[in-house]
Amino acid sequence: MNRQDIEALVRPNIRALCPYSTARDEYQGPLGIFLDANESPYPTGYNRYPDPHQKTLKAQLSSIKGLPAENIFLGNGSDEAIDLCFRVFCTPGRDNAVAIAPSYGMYAVAADINDVQMRSVPLGADFGLPAEALLAACDAHTRLLFLCSPNNPSGNAFDPAELEEIIRRFPGIVVLDEAYADFSAKGSLRAKVLEYPNLIVLQTLSKAYGLAGLRLGMAFADAYVIRLMSMVKYPYNINQAALDLVSQALKQPVEAKVAETVAQRGRVAAALPAYGFVRRVWPSDANFLLVQVDDADALYAHLLADGIIVRNRTRVRGCAGCLRITIGLPSENDKLLASLDRYEKGDIHR
Ligand SMILES: *Cc1c(COP(=O)(O)O)cnc(C)c1O
């Protein structure tokens, strides 16, 4: 695909959009007297509007992620970027999107909110990528394909070569959600946005970076796609406190925490099959495990009564009998396993 092909996929009203601009864009000096935005002149630390282009944080993330700032969009969580994909590319009531299932619930919610039909394509055996079925689900009005790797809730990362083949063959925008890529040995495809203008890679600071409370999601894509998303977003979508705190937090390395989580994932995954009520533990490339048990509702209730909250996925299609368990601190994982010991013995809450 080339730039013209991408342009043809954009909603006509967005293609024609003239974005909101601020007078401050015209002033680049250091110490101006700002009488343009009706802000209060009295310093509170936050009396000025934040930079709508997030230049400083993008420069910092550019060096961490190894991509030019023009290929980076910052959103109020990945959830904002997911919603913007619909708003930029899908005409409500007409266009449609395709996604793997089971996967992250926000794709379907954002589709519903935007009045865009979502076509779910079930993953194959062992949650494998159904490449041909995904491509077969498309028609002339398909604009987006959502893939998630490592996938939530199955935990597996897909083969990068298989993903790339889909990106090459899909006649629309492929949104590849890599929220959990930091925990996976398969790595990230974000560098490929320089090669494929129809690829949007989503990442987030909510998981490995431990900043879920600050709401900072990233989209990596062709510079034209980034410009479209930036045009449609709220001008001040990332607040000043988030810009400051994220910038500070990014100076701390995350590798040791990620390594501990990966080691703990191995430990919990190795311990689980010994329980009689555990039927299956799927291999995980993420910071959680999908576990199939004899009675998911009963085990969920037992853990809850012990003050341990996991995600009950038993009513999700393809996840019958499954709980999704996040890997916690070593001491928290100890408590999880101790609670499972009690459940096995039939001690309490049963
Ligand atoms: C947790 C998660 C996200 C993160 O969303 P944010 O809005 O950035 O917190 C994105 N995608 C998937 C698949 C997730 O599980």
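Predicted model only: the values in this text are computed from it and were never measured.

Reading the values: the criteria
- Residues numbered from 1 in each chain as written.
- Predicted model: local features only at pLDDT ≥ 70, side-chain atom pairs only at ≥ 80, totals over all residues.
- Heavy atoms only, no water.
- Domains from an automatic or database assignment.
- Contact = heavy atoms within 4.5 Å.
- Buried area = accessible area lost by both parts, 1.4 Å probe.
- Salt bridge = Lys/Arg side-chain N within 4 Å of Asp/Glu carboxyl O.
- Polar contact = N/O pair within 3.5 Å; in protein donor to acceptor, adjacent residues only side chain to side chain.
- Nonpolar A, V, L, I, M, F, W, Y, C, P; charged D, E, K, R; others polar.
- Near = heavy atom within 4 Å.
- Areas by Shrake-Rupley, 256 points an atom, 1.4 Å probe, with all protein chains shown as cover.
- Helix = DSSP H or I, 4+ residues; strand = E, 2+ residues; numbered from the N terminus.
- Buried < 20%, exposed > 50% of the residue type's maximum accessible area, 1.4 Å probe, protein only.
- Axes fitted to C-alpha atoms, helices over the stretch in contact; angles between N-to-C directions.
- Parallel < 35°, antiparallel > 145°, perpendicular 65-115°, else oblique.
- Left-handed = near helix turned anticlockwise from the far one by under 90°.
- Pairing = 2+ DSSP bridges.

1. Section: the domain arrangement of the protein
Next, step 1: Once the domains are mapped, the protein shows domain 1 (3-249) and domain 2 (255-344).
Next, step 2: Each of domain 1 and domain 2 has a C-alpha centre, and these two points are 30 Å apart.
Next, step 3: The interface of domain 1 with domain 2 comprises 17 residues on the first partner and 19 residues on the second.
Next, step 4: With both sides pooled, the region where domain 1 packs onto domain 2 buries about 1400 Å², and carbon together with sulfur makes up 61% of that total.
Next, step 5: When the area that domain 1 buries against domain 2 is broken down by residue, the three leading residues are Phe 127, Pro 153 and Phe 183, summing to 43%.
Next, step 6: Joining domain 1 to domain 2, the criterion identifies 1 salt bridge.
Next, step 7: As a salt-bridge pair, Arg 280 and Asp 126 come within 2.6 Å of each other at their nearest N and O atoms.
Next, step 8: Linking domain 1 to domain 2 there are 6 residue pairs in polar contact (both at pLDDT 80 or more).
Next, step 9: Counted by class, the side of domain 1 that touches domain 2 contains 8 nonpolar, 6 polar and 3 charged residues.

2. Brief notes about the site of the ligand
Next, step 1: Around the ligand there are 14 residues in total, and Asp 177, Tyr 180, Thr 204, Lys 207 and Arg 215 lie nearest to it.
Next, step 2: The separation between an oxygen atom of the ligand and a polar main-chain atom of Asp 79 is 3.2 Å.
Next, step 3: At 2.6 Å from a nitrogen atom of the ligand is found a side-chain nitrogen or oxygen belonging to Asp 177.
Next, step 4: Here the ligand loses 94% of its free accessible area of 390 Å² to cover by the protein chains.
Next, step 5: Here the shell around the ligand is composed, by residue class, of 5 nonpolar, 5 polar and 4 charged.

3. What to know about unusual backbone geometry
Next, step 1: A cis amide bond, omega -5 degrees, links Ser 149 with the succeeding residue Pro 150.
Next, step 2: With respect to the secondary-structure elements, Pro 150 resides in the loop between strand 4 (142-148) and helix 7 (160-169).
Next, step 3: Geometrically, the link from Asn 152 to Pro 153 is a cis peptide bond, its omega value of 15 degrees lying close to zero.
Next, step 4: With respect to the helices and strands, the residue Pro 153 is situated in the loop between strand 4 and helix 7.
Next, step 5: Phi is positive for Asp 126, close to 55 degrees, though the residue is something other than glycine.
Next, step 6: Along the polypeptide, Asp 126 turns up in the loop between strand 3 (117-122) and helix 6 (131-136).
Next, step 7: For Arg 215, which is not a glycine, the phi torsion comes out positive at approximately 60 degrees.
Next, step 8: Relative to the assigned elements, Arg 215 resides in the loop between strand 6 (199-204) and strand 7 (217-220).
Next, step 9: The exposure class of Arg 215 is partly exposed, given its relative accessible area of 29%.

4. Some remarks on the packing of helix 11 (residues 296-305) against helix 12 (residues 330-345)
Next, step 1: It is at 10 Å that the axes of helix 11 and helix 12 come closest, and there the two elements cross at 125 degrees. Classified by the interaxial angle, the pair formed by helix 11 and helix 12 is oblique. Crossing handedness for the pair helix 11 and helix 12: right-handed. Mapping the contact onto sequence places Ala 298, Leu 299, His 302 and Leu 303 in helix 11 and Leu 336, Ser 339, Leu 340 and Tyr 343 in helix 12.
Next, step 2: Across the contact of helix 11 with helix 12, the residue classes break down as 6 nonpolar, 2 polar and no charged.

5. A look at the packing of helix 10 (residues 255-271) against helix 12
Next, step 1: Viewed as axis vectors pointing N to C, helix 10 and helix 12 meet at an angle of 10 degrees, and their least axial separation amounts to 11 Å. On the basis of their axis angle, the class for helix 10 and helix 12 is roughly parallel. In contact with Glu 260, Gln 264, Arg 267, Val 268 and Ala 271 of helix 10, helix 12 contributes Pro 330, Asn 333, Asp 334, Leu 336 and Leu 337.
Next, step 2: Across the contact of helix 10 with helix 12, the residue classes tally to 5 nonpolar, 2 polar and 3 charged.

6. Some details on the sheet that holds strand 5 (residues 173-177)
Next, step 1: In space, the 7 strands of this open sheet follow the order 1-7-6-5-4-2-3, with mixed pairing throughout. Of all the strands in the sheet, just strand 1 (72-75) and strand 3 have a single pairing partner and so form its edges. Geometrically, the sheet is characterised by an average inter-axis angle of 20 degrees between neighbouring strands, direction not taken into account.
Next, step 2: In the sheet, strand 2 (residues 96-101) pairs with strand 4 via 4 bridges, with the strands oriented parallel. Following the sheet pairing, Val 98 is matched in strand 4 by Leu 145.
Next, step 3: Where helix 3 (residues 55-65) meets the sheet, it contacts strand 1, strand 6 and strand 7, and its direction lies at approximately 120 degrees from that of strand 1.
Next, step 4: Against the sheet, helix 8 (residues 223-232) engages strand 1, strand 6 and strand 7, with an angle of about 25 degrees to strand 1.

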